[in-house]
Amino acid sequence: MFSTLFLLGIGAVTVAPVLYVLIASFDVAPMGSAYQFGLGGWKDVFSSQRTWMSMVYTFVLSVRVPIATVVAFAISWLLVRVEIPGHRFIELAFWFGFLLPAFPMMMGWILLLDEHHGLFNVMLMKLPFIDAPIFSIYSIPGIIWVHFALTTVPIMVILLGPTLRQLDASFEEAADMSGASMLTTMRRITIPLLMPAIATAFILALIRSLEAFEVERILGTPVNVNVYSTRIYDFVSLEPPLFPQAMALGTIFLAILLLLAILYQAYLDRVGTQATITSRGVSLRARPEAWWTYAVSVVLIGYVCVTIFLPLVMLLLGSFNKLFGFFFLDDPWTSAHWLAVLRDARFLRAIVTSVTIGLTVGLVGVLIFSLVAWTLVRANIWGRRLANLMVWLPWAIPGMILGVTLLGMVLQTPGLSILYGTIVPLLLALIIKELPIGVQLLRGSIAQVSGQLEEAAVMCGAGFAMIFRRVTLPLIAPMLASVFLLVFASTLRDVSTVVLIATPGTRTMALLMFDFTLSGQLESATVVGVIIAMICIIVTGASFKIRSKIGIQR
Amino acid sequence: MLDVRDLSKSYVTDGAKPVIAIDGVTFSVEKGKIFTLLGPSGCGKTTTLRSIAGLETPDSGEIVVSGEAVFSSKTGLRVPANARGFGMVFQSYAIWPHMTVFENVAFPLQVRGRTPRYSRRQIDDEVSRILDVVALSGYEHRQATQLSGGQQQRLALARALVAKPSLLLLDEPLSNLDAKLREKMRFELKRLQREVGITSIYVTHDQSEALGLSHDIAVMDRGRIVQIGSPRDIYERPKDDFVAEFVGTTNFVSGEVLATSVDPAGYVVQVASGPLTVATSDTLRRGDKVTISIRPEDVQVSTQPMDGPNTWDAVVDTHMFLGFCQDLALAWGPVRLEARVHPSLTVEAGAPVRIRIAPERCVVCK
């Protein structure tokens, strides 16, 4: 009974939108008229050279994922196992880098690497032996770099770090004692034990990379680099929109992601998950005080400064520019844009909306995700494999399509249309959107808690709610804080999911920034970007403070 | 007090045949006694314990506590684990690492849905009473993970006992401790159990723990109970060679029944080294093939002449001095015998000795 309800619940929020996409891809009737079956959309998609090229570019751009996996594993290992000097700062910086909205950060990079005005290019060309610009951000390497620096590496470091920290060091110490060298231990012990986590990080980063949108849109379009998500955007934003084409392309993408999810699930089933947290605690190895740890530390601090803080500083400077990107005018600075934005009633409304949505989605989402994750790991239900797969589906749906789908559902279901114009559809869309990452992360975390810790509470007479609140949640508290942060930050910066649902009364800050950019007010957009970044800093700091106080005291 | 009737459970694994975990397990335990389930890993002892706890659901059978069923496959009754009111000590202790000692012990009092609920004061009192019993007073505000292995073990015990459960379930509670501590905790457990007077079910694969702690032992093998009896019964009169081998070390000598013997009442069994007189009340027939179990400590060894039944010449093959005793490997004709003798006996490898095996110490295993 419970199993059936659980499956139906998960199915309703995950499979329904997918079916909607599939069915709509065969609907060739004009907007607003009755359903009419046809293959027109599919034919167009397969006959378009541009669409084929967008698929190729999508995969070319995703080469950053395997590279980032190696880099991120090495960094996590240095941070957690070697505890290089400054490891706390570096880890915080990666969190911060990941949580910062990509859109304003990309503007920071444009200020640095633009072919004509980019600060790096301008400064390098002052050197005697360089007479042409070195960098060009509007290019495939440019797109790869922005993602690599701001999302791909940071997301993997923040995913691998906690898992590595939870891995009992005695496994590695046993290898050391067997006479294995550091590299052998890493290759034969650490990496195999962490393989499920590495696979999770890889697949999450890959999917993020496949559905990335804003950066490709801004940096790729000028040089004719289209990716799958920008093609969909093109189809949908045409007047009238080409929904069948968009949905057909969405279906192809969905099939690819589904295949990835099935492979991943099969892999996890094969290796199984080991409970590595026991009540006996984790022994940590001492930090080797060697000269090279300082050298590595300097390199990594340099890396995070260049990839994360430099574009942020540029962004901040840019927001005080009279004209965005022009630093070498006689009198380039002004605070006029700040004053204008802060006085704008739309901005004040947006800040309230954004924070409300962020906190609600964060808190409600974390609770729902952890219940779903617990059920998937512990409960004895039938259809577990199916549920596991279904949980992935929302990621297979591009944000924009999820938005359209929910909008359609809200407007077409009698009784639900009163929700239109409120923030409820936004909350729903965002919770569904964040379901996969939230559930996957918490699932891994719960699987690492030895089941006997919960059984002990059962034997004490505690009921489910009590056990969940007093034993399970506190034990996975650090991961709960991480998931909250991830969800909060994604919500804060999300454009694609909400862009079509939000009414003028429910514009978020990210949407406001998007609107400013579209209307050419780059300076105002930058101001909003800086404010979003500041909120991110505050929330990240607070979460870290809380996170260090909760969980297991060692 | 506890009646377990015809409990069976099998696990279905992917593709393969279902694995039978327990098969028709039946036993009963009197109030205030320690009952031990003893057996090698995979014999079903833990499944039995977890079924009693309510953490697993057997396929069939019945579990009755103080006349009230908590599980019955016939009526479909299954009282959930958290409503059975038992205490349990887990093999890993399952001490919650995010709570202090006090919080761990107070938990059962806080969550048990009884009326009236415990007041804060009562909780304080009960916790300090039980911490006193397990000698952890003064550790209330330590983080649970800062305790040593033995302390964690006692904490787990305190948590299991604090709400005065009707039944205490112990799943290999000593297996994570070092040998010395294990021995100490064994005495401690026995003292505590006597003090609290609680009916306990103890699961272990360690025969010395089982023999030392229990009032009754059930030896399990491949999902079935092979023998139930007092520690002395199990050790001195093992029902078959599995029990004899598992409960302590033993010598197995095989032979064939030659004739009945009158004094002592029993049989003469022809073994490879000669005729052996065996005292038994079992009914055997001439020509039956039997295995005889002889405990090493029942082989008397002397450098002086000895007489009486079952006295033979043998040669010391190897000897191992252990301090409190010495273990000898003897060549008794073609048969190899292990003997445990007093450390004062001085023998060397290769020396001839006399051995004697009392007929009532020869146990026939079928």
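In this text, all values refer to a predicted model and were calculated from it rather than measured experimentally.

**Concerning the environment of A329 of chain B**
All names here are of chain B.
Then step 1. Following the sequence through the fold, A329 ends up in strand 18 (residues 326-332).
Then step 2. When the C-alpha atoms of A329 and V316 are compared, they prove to be 6.2 Å apart, with 13 residues separating the residues in sequence.
Then step 3. Apart from residues no more than four positions distant in its own chain, A329 is found in contact with D317, T318, R336 and E338.

**Observations regarding the interface of chain A and chain B**
Then step 1. Counting residues at the interface gives 23 residues for chain A, matched by 24 residues for chain B.
Then step 2. Counting residues per element, the ones that place at least two in the side of chain A that touches chain B are helix 20 (451-459) and helix 21 (464-475) of chain A.
Then step 3. Per-element accounting of the side of chain A that touches chain B gives the leading share, seven residues, to helix 20 of chain A.

**Here we look at helix 23 (residues 509-518) of chain A**
Then step 1. Of all 10 residues in helix 23 of chain A, eight are buried, a share of seventy percent or more.
Then step 2. Listed as buried for helix 23 of chain A are M509, A510, L511, L512, M513, F514, F516 and T517 of chain A.

**Things to note about unusual backbone geometry**
Most peptide bonds are trans, and most residues other than glycine sit at a negative phi.
Residue and element names in this part refer to chain B.
Then step 1. Here E172, not a glycine, exhibits a phi torsion of approximately 45 degrees, which is positive.
Then step 2. On the secondary structure map, E172 appears in the loop between strand 8 (167-171) and helix 5 (179-196).
Then step 3. A count of 20 C-beta atoms within 10 Å places E172 in the buried class.
Then step 4. The backbone phi angle of R222 is positive, close to 45 degrees, even though this residue is not glycine.
Then step 5. Checked against the element boundaries, R222 lands in the loop between strand 10 (216-221) and strand 11 (224-229).
Then step 6. Look at R222 and you get partly exposed, because 15 C-beta atoms sit within 10 Å.

**Thoughts on the sheet that holds strand 1 (residues 2-11) of chain B**
All names here are of chain B.
Then step 1. Overall, antiparallel pairing links the five strands, which are arranged 2-1-4-5-6 in an open sheet. In the strand order of this sheet, the two ends are held by strand 2 (19-29) and strand 6 (77-78), each with one partner.
Then step 2. With five bridges joining them, strand 1 and strand 4 (residues 60-65) adopt antiparallel strand pairing. Directly across from S8, in strand 4, lies its bridge partner S60.
Then step 3. Sitting on the sheet, helix 1 (residues 45-53) is in contact with strand 1, strand 2 and strand 4, with an inclination near 115 degrees to strand 1.

**Some thoughts on the packing of helix 18 (residues 399-412) of chain A against helix 19 (residues 424-447) of chain A**
Residue and element names in this part refer to chain A.
Then step 1. The interhelical angle for the contact between helix 18 and helix 19, taken along N-to-C directions, is 135 degrees, at an axis separation of 10 Å. By the angle between their axes, helix 18 is oblique relative to helix 19. Helix-helix and strand crossings are classified by hand; for helix 18 and helix 19 the assignment is right-handed. Contacts between helix 18 and helix 19 pair G399, L402, G403, L406, L407 and V410 from the former with P425, L428, A429, I432 and K433 from the latter.

**Side note on the domain arrangement of chain A**
Residues and elements named next belong to chain A.
Then step 1. In terms of domain boundaries, chain A breaks down into domain 1 (39-273 + 297-318) and domain 2 (332-554).
Then step 2. The straight-line distance from the C-alpha centre of domain 1 to that of domain 2 is 20 Å.
Then step 3. Here the element with the most residues in the side of domain 1 that touches domain 2 is helix 13 (residues 243-271); it accounts for nine residues.

Definitions and limits used
- Residues numbered from 1 in each chain as written.
- Chains lettered and ligands numbered in written order.
- Predicted model: local features only at pLDDT ≥ 70, side-chain atom pairs only at ≥ 80, totals over all residues.
- Helix = DSSP H or I, 4+ residues; strand = E, 2+ residues; numbered from the N terminus.
- Contact = placed C-beta atoms within 7 Å.
- Buried ≥ 20, exposed ≤ 12 C-beta atoms within 10 Å, placed from the backbone.
- Pairing = 2+ DSSP bridges.
- Axes fitted to C-alpha atoms, helices over the stretch in contact; angles between N-to-C directions.
- Parallel < 35°, antiparallel > 145°, perpendicular 65-115°, else oblique.
- Left-handed = near helix turned anticlockwise from the far one by under 90°.
- Domains from an automatic or database assignment.

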